[in-house]
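# Descriptive structure summary
Listed here are the chains, written in short residue letters.
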Amino acid sequence: MTFYVELSPVAQKFLDKLDNSVRIPLVKRIKYLETDPSHKGKTIGDGFRELRYEKFRVYFDIMHDVILIEKIEYEGKVNVLKIGDKNSQDKDIKQIKGC
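The sections below set out a description of the structure shown in this document. One numbering rule holds for all chains: residues counted from 1, following each sequence as written. Reporting of local features is limited, given that this is a predicted model, to residues whose pLDDT is at least 70; pairs of side-chain atoms are given and counted only at 80 or more, and all residues count toward the totals for whole chains, interfaces and linings. The side-chain quantities take in all heavy atoms of the structure and omit both hydrogens and water.

### Regarding helix α3 (residues 89-97)
Each full turn of the α-helix corresponds to 3.6 residues, which orients residues three or four apart in the same direction. Burial classes follow relative accessibility: with a 1.4 Å probe on protein chains only, a residue under 20% of its type's maximum area counts as buried, one over 50% as exposed, and anything between as partly exposed. Each helix is a run of H or I in the DSSP string that is no shorter than four residues. Each strand is a run of E no shorter than two, and both are numbered from the N terminus. For α3, the complete set of buried residues consists of Gln89, Asp92, Ile93 and Ile96. Viewed end-on, α3 has its buried residues packed into an arc of 100 degrees, placing them on one side of the element. Opposite the packed face of α3, turned more than 90 degrees from it, sit the exposed residues Asp90 and Lys91. Looking at the buried side of α3, the elements it contacts are β2 (42-45), β3 (48-53) and β5 (66-74). Following α3 by one or two positions, Gly98 has its phi on the positive side, about 80 degrees. Within this analysis, the arc is defined by the directions that extend from the helix axis to the C-beta atoms. Whether two residues are in contact is decided by their heavy atoms, any of which lying within 4.5 Å being enough.

What follows is the structure in structure tokens.
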């Protein structure tokens, strides 16, 4: 089964700011999720998964045949959705889910 990858506005904005030399390999890694994403990345709770690529962390959720990329983070830098490090992970997941 092939899945469709959809970027949240925050994730798209993050990608748009990257230089092509960084963006292109990162997008290829994200597209890697199109085939059986349930076995890719690490489960981080509440149905969210984390895919690491070099210094990036891609947070995603699988909904039927759509993979929603919620957030892309670089070197622990927090952006609009305020996803932080491992210590704040539970709180951050609740924030992006709107709990």
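What follows picks up the thread again.
### A few points about the sheet that holds β5
The sheet built from five strands is open, its strands ordered β1-β5-β4-β3-β2 with mixed pairing. On the outer flanks of this sheet lie β1 (4-7) and β2, each paired with one strand and no other. Direction aside, the axes of adjacent strands within the sheet are offset by 35 degrees on average. Strand contacts of helix α2 (residues 20-31): β1, β3, β4 (56-63) and β5, with the helix running at about 135 degrees to β3, the strand carrying the most contacts. A fitted line through C-alpha atoms serves as each axis, taken over the contacting stretch for helices, and the angle formed by two N-to-C directions is quoted from 0 to 180°. Packing against the sheet, α3 makes contact with β2, β3 and β5, and its axis sits at approximately 115 degrees to β3. In this scheme, strands are said to pair when DSSP sees at least two bridges between them.

### Things to note about the pairing of β5
Counting buried positions along β5 gives eight out of nine residues, so the element sits mostly inside the fold. As paired elements, β4 and β5 share eight bridges and run antiparallel to each other. Paired with Tyr59 across the two strands is Lys71, which belongs to β5. Between β4 and β5, which pair antiparallel one after the other, the connecting turn spans two residues, and His64 there sits at a positive phi close to 60 degrees.

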